[in-house]
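Chain residues, written in single-letter form:
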Amino acid sequence: MPDDPSISAPVDPTEASSSFEERQQLEDGIALCLSGGGYRAMLFHVGSLWRLNELGYLKKLDRISSVSGGSITAGVLGLRWSRLAFDASGVAQAFDAEIVTPIRALADHTIDQGSIIGGILMPGSIADKVVEAYRKHLFGQATLQDLPDDPPRFVINATNVQTGVLFRFSKPYIADYHVGMLRNPNVELAVAVAASSAFPPVLSPLTVALDSALWEPKTTSSSPDTHQGAFRSDVVLTDGGVYDNLGLETAWKRYQTLLVSDGGGKMSAEEEPNGDWARHAIRVNSVIDNQVRSLRKRQLISSYGTLRRGAYWGIRSDIRDYGLPDSLPCAFDKTTELANTKTRLKQLDRVIQERLINWGYAICDTAMRKWVDTTLPKPNAFPYSSSGIG
């Protein structure tokens, strides 16, 4: 896979930074990473994109890497990129109509519960029903080939259950560094986003049928057994957040400036955790997810100011910690309530939608003006002033 260094030599994002730098020189580009977190993250990221657009940064992005709920937002952004009507200053004039409106329309519908019931009672899997819902509400019959040409490169990430590593969907190729590369894929955008957001155990797995003859005949992988059979014909995928909940990996290996919008949840303490095998397994998986998320976040933040530029902002951030005196007013108890919105693909009250968008907008603005460019103008108000934060 010589044309894309980000997948030619797998590097663990938790490796020591010096070891990473010996392998590859970072490019002088800007990547945006959108985390998982269901509808909560989807809407939080809309707010982040809203402010990035106003600041003229949306048009500056070289890569947008996403997982799970973040992939819903990224998928809509990619599909409608050509309709955003960027002006001479790089600000999309049609952002509200093309991005905000369709995503909020999806948030008016519950799709996880109906998919579970349909997957149990009708032909097809639960994941197949999620694909149908995305097809109906957002993507129609669009494929990865309907994404824009670079830049920016949109990378929608899932986790390959067969190989245990990241499986990425993009317009130029789909790839897994164990399995190889398939160029110019015609995979439906609804399928890619559903795979990325196939939250286990109920919405997972999603199996993607591919023509094994279309894969690259040569690969640098050290696992030749994965270059054949079902590894290339029936790829079994689960939520991208299982492997990388920040959507960080494909950007970490390549770009010097990283902007990370984190709408992910947080594991809560339980005095008496359930002991039955099903709920106990879910609890243990949450422990693993919490640890991986924490390691990636810690590694990212420690790299700022030394190896990298950029900013991290999260739905659980305290805006006061950024030390910016003219931030929009965001009381921590209110933003914490928003952060505690369940990780579901479940209908959200319209006011809650607006508050999640407002919060993403405000914390993105604060992080950008504090850590990326101190000369950026402050915002006049929230996108939805009457809803505020709570």
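Note: the structure precedes this text.
The residue numbers shown here count from 1 along each chain, following its written sequence. With pLDDT at 70 or above as the cut-off, local features in this predicted model cover only qualifying residues; side-chain atom pairs require 80 or more to be listed or tallied, and sums for whole chains, interfaces and linings still use all residues. Hydrogen atoms and water are omitted, and side-chain values are computed over all heavy atoms in the structure.

Engineer: Give me the lowdown on helix α7 (residues 126-139), citing residues and values where you can.
Structural biologist: In this description a helix means any DSSP run of H or I spanning at least four residues, a strand means any run of E spanning at least two, and both kinds are numbered starting from the N terminus. Each residue after the first adds 1.5 Å to the expected span of a helix. Between its terminal C-alpha atoms α7 stretches 18 Å, which fits the 20 Å expected from 14 residues at 1.5 Å a residue. Working definition: with a 1.4 Å probe on protein chains only, accessible area under 20% of the residue-type maximum means buried, over 50% means exposed, and in between means partly exposed. All of the buried residues along α7 are Ile 126, Ala 127, Lys 129, Val 130, Val 131, Ala 133, Tyr 134, Leu 138 and Phe 139.

Engineer: So what's going on with the pattern of salt bridges? Which residues, and what values?
Structural biologist: The salt bridge criterion pairs a side-chain nitrogen of Lys or Arg with a carboxyl oxygen of Asp or Glu, the two atoms within 4 Å. Scanning all chains against the criterion turns up 20 salt bridges. With a shortest N-O distance of 2.5 Å, Arg 344 and Asp 112 are connected by a salt bridge. Of this pair, Arg 344 sits in the loop between α12 (332-339) and α13 (350-372) while Asp 112 is found in helix α6 (residues 112-121), placing the two residues 232 residues apart along the sequence. Judged by relative accessible area, Arg 344 falls into the partly exposed class, the value being 28%. For Arg 183, the salt bridge identified is with Glu 216, shortest N-O distance 2.9 Å. Separated by 33 residues along the polypeptide, Arg 183 in strand β6 (residues 180-183) and Glu 216 in the loop between β7 (206-209) and α9 (230-233) bring together distant segments of the chain.

Engineer: Go over the side chain of Ser 66, please, and point to the residues and values.
Structural biologist: Relative to the helices and strands, Ser 66 resides in strand β2 (residues 63-67). The residues contacting Ser 66, other than those within four sequence positions of it, are Leu 34, Ser 71, Ala 74, Val 155, Ile 156, Asn 157 and Ser 196. What makes two residues a contact is simply this: any of their non-hydrogen atoms within 4.5 Å.

Engineer: Describe helix α8 (residues 189-196), naming the residues involved and giving the relevant values.
Structural biologist: Extensive coverage of α8 is indicated by the burial of eight of its eight residues. Those residues of α8 lying buried are Leu 189, Ala 190, Val 191, Ala 192, Val 193, Ala 194, Ala 195 and Ser 196.

Engineer: Explain the packing of aromatic side chains to me, using residue names and the numbers behind them.
Structural biologist: A pair of aromatic rings is counted whenever rings of Phe, Tyr or Trp (Trp by its six-membered ring) have centres within 6.5 Å, and the orientation is called stacked for planes under 30 degrees apart, edge-to-face for over 60 and tilted otherwise. Here the structure, examined in full by the defined rule, presents six aromatic pairs. Ring geometry for Trp 81 versus Phe 154: centroids 6.0 Å apart, planes at 75°, classification edge-to-face. Linking Trp 81 in the loop between α4 (69-79) and α5 (95-107) with Phe 154 in strand β3 (residues 153-160), this pair joins segments that are 73 residues apart in sequence. Taken together, the ring pairs connect Trp 50, Phe 95 and Tyr 384 into an aromatic cluster. Charge-over-ring contacts are defined here by two conditions on Lys NZ or Arg CZ: a distance within 6 Å of the ring centre and an angle within 35 degrees of the ring normal. Across the ring face of Tyr 384, the terminal group of Arg 104 is positioned such that the distance to the ring centre comes to 5.1 Å. It is Arg 308 that lies over the ring of Trp 252; its NZ or CZ is 3.7 Å from the centre.

Engineer: Go over the nonpolar core with me, naming the residues and quoting the values.
Structural biologist: If you look at soluble globular proteins, the nonpolar side chains tend to sit buried side by side. If you look at the biggest cluster of nonpolar residues, it comprises 90 residues, and the most contacted ones within it are Tyr 134, Phe 169, Trp 313 and Trp 359. Looking at which element gives the most residues to this core, the answer is α13, with nine residues. When near neighbours in sequence (up to four residues on either side) are disregarded, Phe 169 contacts Leu 144, Phe 154, Val 155, Ile 156, Ala 158, Ile 174, Val 187, Ala 192, Ala 195 and Leu 237. To form a nonpolar core, buried Ala, Val, Leu, Ile, Met, Phe, Trp, Tyr and Cys residues must be joined to one another through side-chain atoms within 4.5 Å.

Engineer: Please give an account of the environment of Leu 206 that cites residues and values.
Structural biologist: Topologically, Leu 206 is positioned in strand β7. In this structure Leu 206 comes out as buried when scored by relative accessible area, which is 2%. Between the C-alpha atoms of Leu 206 and Ser 125, which are 81 residues apart in sequence, the distance is 7.9 Å. Discounting chain neighbours no more than four positions away, the residues touching Leu 206 are Ala 127, Val 131, Val 191, Ala 194, Ala 195, Val 235, Val 236 and Leu 237.

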